[in-house]
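Geometric and topological summary
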Amino acid sequence: ALYERVYCARGDMENRIKEMQLDLFAERTSTATMTSTATMKADQLRLWFAAFAYVRIEALRRLGLRHTQFATATAGTMRNRLLKIGALVTISVRRCLVRMAKAYPSQSEFALACLRRGRHAA
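Source: prediction; values computed, not measured.

Rules of the game
- In every chain, residue numbers begin from 1 and rise along the written sequence.
- Local features in this predicted model are restricted to residues whose pLDDT is 70 or higher, and side-chain atom pairs enter the listing and the counts only when it is 80 or higher, whereas totals over whole chains, interfaces and linings include all residues.
- With hydrogens and water set aside, each side-chain value is computed from the structure's full complement of heavy atoms.
- Only DSSP runs of H or I covering at least 4 residues are called helices, and only runs of E covering at least 2 are called strands; the numbering of each starts at the N terminus.
- Here a residue-residue contact requires only that any non-hydrogen atoms of the pair lie within 4.5 Å.
- A side-chain nitrogen of Lys or Arg and a carboxyl oxygen of Asp or Glu constitute a salt bridge if their distance falls within 4 Å.
- Using a 1.4 Å probe on the protein chains alone, a residue whose accessible area is under 20% of its type maximum counts as buried, one over 50% counts as exposed, and one in between counts as partly exposed.
- When charges are tallied, Lys and Arg are placed among the positive residues and Asp and Glu among the negative ones, while His and the ends of the chain are skipped.
- Pairs of N or O atoms within 3.5 Å make up the polar contacts considered here, provided that, within protein, one atom can donate a hydrogen while the other can accept it, and that residues adjacent in sequence are counted only when both atoms are side-chain atoms.

1. Let's talk about the side chain of Ser106
With respect to the secondary-structure elements, Ser106 resides in the loop between strand 2 (96-100) and helix 4 (107-120). Beyond its immediate chain neighbours, meaning those up to four positions away, Ser106 contacts Gln69, Phe70, Arg81 and Leu82.

Pasting the structure below:
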């Protein structure tokens, strides 16, 4: 019980930290500025952006993509297979239309996440 509650949870948290560093670029905190105060502020802002991106990806995974092939995917897999797509976006007064290629393999998951996003917004 101790192994499963403490040690496995620790390993899972280390995996989440590694995912944030590798997939969401949280390890890049060496900005090239002249003063150390400006460098620390810039590094802090980059970490905030990475943390915000992780929270958004986790919410998308938990709420929009449950019971799909991306329900347990890493942030890098979701970024490469679901979010980095070529599409034509048309914005009008009444709607935002996203046209994807018919050969896009994750089109149904993308549409499902968009539908579920509407339910969880606000």
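2. Details of the pattern of salt bridges
Using the criterion set out here, one finds two salt bridges in the structure. When the shortest N-O distance is used, the salt bridge between Glu14 and Arg10 registers 3.2 Å. With a gap of four residues between them, Glu14 and Arg10 both fall in helix 1 (residues 2-23), about one helical turn apart. Take Glu14: its relative accessible area is 39%, and that puts it in the partly exposed class. Owing to a relative accessible area of 48%, Arg10 belongs among the partly exposed residues under this scheme. Arg61 is the salt-bridge partner of Glu58, the closest N and O atoms lying 2.6 Å from each other. With Glu58 and Arg61 both in helix 2 (residues 36-64) and three residues apart, this pair spans about one turn of that helix. A residue is classified by how much of its surface remains accessible, and Arg61, at 9% relative accessible area, is buried.

3. A short note on the side chain of Arg116
Mapping Arg116 onto the fold places it in helix 4. Of the buried charged residues, Arg116 lacks a salt bridge, with Glu109 as the closest side chain of opposite charge at 10 Å. Only 3.3 Å separates the side chain of Arg116 from the backbone oxygen of Gly64, close enough to count as a polar contact. Separated by 2.9 Å, the side chain of Arg116 and the backbone oxygen of Arg66 make a polar contact. What Arg116 contacts, discounting residues up to four positions off in sequence, is Leu63, Gly64, Leu65 and Arg66.

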